[in-house]
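Next come the chains, spelled out residue by residue.
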Amino acid sequence: MTAPDPLTAEVLRHALVVAAEEASIVVVRSAYSTFIVEGSDASAAVLDAQGRLVAQSVATTLMNSMALRTALPELLRDIPAERMREGEVYAMNDAYRGGVHTNDLLVFRPVWASGRPCYFAATMIHVSDLGGLSAGGMAPLATDIFLEGLQLPPVRLATRDGLDPAIEAVLRANSRTPDKVIGDVRALVAGTAVAAARLDRLLAEYGEAGLAAGVEAYLDHAESRTRAAVAELPEGRFEAAYPIDDDGFDLDRSHTVRVAVEISGGAVRLDFAGTGPQVPAAINASASQSLAAAVFAVRCFLDPTIPMNEGCLRALDIRLPEGSLLNARPPHPCGGRFVPIYAAMEAVFQALSTALPERAIAPSGILQPFSVAAVGPPYWIHLSYDFGGVGARRGLDGPDATGVHFGVGRNSVPQVEPVESRCPLVVESVETIDGSGGAGRDRGGRGTRTVFRFLADCHVSTRGDRLRLPPPGREGGLPGRAGGFFKRHLDGRLERLPSKAGNVRFAAGEAFVVETSGGGGLGPPAAG
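Residues numbered from 1 in each chain as written. Predicted model: local features only at pLDDT ≥ 70, side-chain atom pairs only at ≥ 80, totals over all residues. Heavy atoms only, no water.

This paragraph deals with the packing of aromatic side chains. One pass over the full model with this rule turns up eleven aromatic pairs. Between Phe296 and Phe349 the ring centres are 6.5 Å apart and the planes differ by 55°, which places this aromatic pair in the tilted class. Taken together, the residues span a long stretch of sequence, with Phe296 in helix α6 (residues 287–299) and Phe349 in helix α8 (residues 338–355) at a distance of 53 residues. The exposure classification of Phe296 matches that of Phe349, with both residues buried. A ring pair is formed by Phe452 and Phe512, whose centres lie 6.3 Å apart and whose planes are at 25°; its orientation type is stacked. Placement of the pair is Phe452 in strand β15 (residues 448–454) and Phe512 in strand β20 (residues 511–515), with a sequence separation of 60 residues. (Phe/Tyr/Trp six-rings, centres within 6.5 Å; stacked < 30°, edge-to-face > 60°. Helix = DSSP H or I, 4+ residues; strand = E, 2+ residues; numbered from the N terminus. Buried < 20%, exposed > 50% of the residue type's maximum accessible area, 1.4 Å probe, protein only.)

As structure tokens, then:
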């Protein structure tokens, strides 16, 4: 294969990204769940038949593209390419085989050339509900994965004639909101159809060999740029660790994620040996999610214009101990993956801040997920996050209410008006909390306070962290203010809820208060 000329290569790169981007837009505009429609939390990617990540949509998070990239070889192991037929679409959500957690459905459509699948169009969203202890996929007190919801091995989801009736029946039977789930699934299938059509057009224009050569050139381009950027980093070994508040059961025991970052010869090795063992609680993560955290954290210290694809990964050696918080094995729950992977991300940040003090960043407040759901049918569900403050950067205060995050879509916090129109609640206030950012030569970003008043009885589930152990300062900076989840009773009394709580009953008229943590300060505060 002959590599395309530079102009053609650039056109192909953008065409591949646009194919994925159009797919994600179709999913958002076609989905039924409020979280997807209003939060634009949808991902799409293009992969090749070897399971390599070729391109991802602009909105796609690394959490999701790493899941799609890790899961496709598992799909092909169960359903080999020679058994696939044109028009078929496949799905899975197995956390131990590349997936995320039970509510995140991964959908793949083969793209054909020369009578065989040569590429895959893939989409992924968090569907409204697939069972489990709490509605919407929030099961903060799950002790095994069976309590988190329906597990789906690689299966044929659809054919040219539409959704497979048996799989549709299984999905409906395991959901509190079956119509929304099936609407979400149809949106995922539609997204893959759009991306596949764009790839068919590229195959027709450039030919199978021409497109393959363009893909190889694109991956090589990303690899060379990544290695060049890594070569500018100081060589050496840098270690760091970050704690997790608790597992939701033993509130006095914290858990720790550790990393050793070795930079040498244009490559980076991240070894998470020493990270705490997996536990029967929702603070474990699947390997694909921990891989995403590590990749994201390193890329934050590299040239941000480097495209994200398989070529980037060739310069990174990421080791995740099996049976640890970052690489859980059955039947340990994985739904609380935000907690350990954000600790992994923070540990890498702090290690690289030691390597590159001129680019140092103090620890940040992170997203605080929660769900609000009807206590019985007909079910309604509101899924959301609120964001904490970013840690101070060298010479810059941390941004307020943003959080260092990589696990959400274009605008994951839905706007107030659509939420109020779809759910029996009123958003009374949304504000930043003055003084919540840690003081320092550079101040940490401020956290937020949001108040929801309920117009009907409901259940609230929470999955927070950095609430008992707030983001610390760095180099003499002060920690950020800890956030929390609270119940405001009818008499005005404010009750603090656990950071990981399932199905807390709220009565109509009571309010749910979400406070996020401020970021840590950097450097000692100015005297007097």
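Our next topic: the sheet that holds strand β3 (residues 89–92). Ordered by their spatial adjacency, seven strands build an open sheet running β2-β1-β5-β4-β3-β6-β7, and the pairing between neighbours is antiparallel. Either end of the sheet is taken by a strand with one partner, and the two such strands are β2 (53–56) and β7 (162–163). In this structure, β3 lies alongside strand β6 (residues 155–159), joined through three bridges in antiparallel fashion. Within β6, the residue paired with Ala91 across the bridge is Val155. On the sheet, helix α1 (residues 6–30) packs against β1 (42–48), β2 and β5 (116–126) and is oriented at approximately 145° with respect to β1. Packing against the sheet, helix α4 (residues 165–173) makes contact with β6 and β7, and its axis sits at approximately 115° to β6. (Pairing = 2+ DSSP bridges. Contact = heavy atoms within 4.5 Å. Axes fitted to C-alpha atoms, helices over the stretch in contact; angles between N-to-C directions.)

Secondary-structure assignment places Ala23 in helix α1. A C-alpha to C-alpha distance of 5.6 Å links Ala23 and Val194, two positions 171 residues apart in sequence. Aside from chain neighbours lying at most four places away, what touches Ala23 is Ala44, Thr123, Gly191, Val194 and Ala195.

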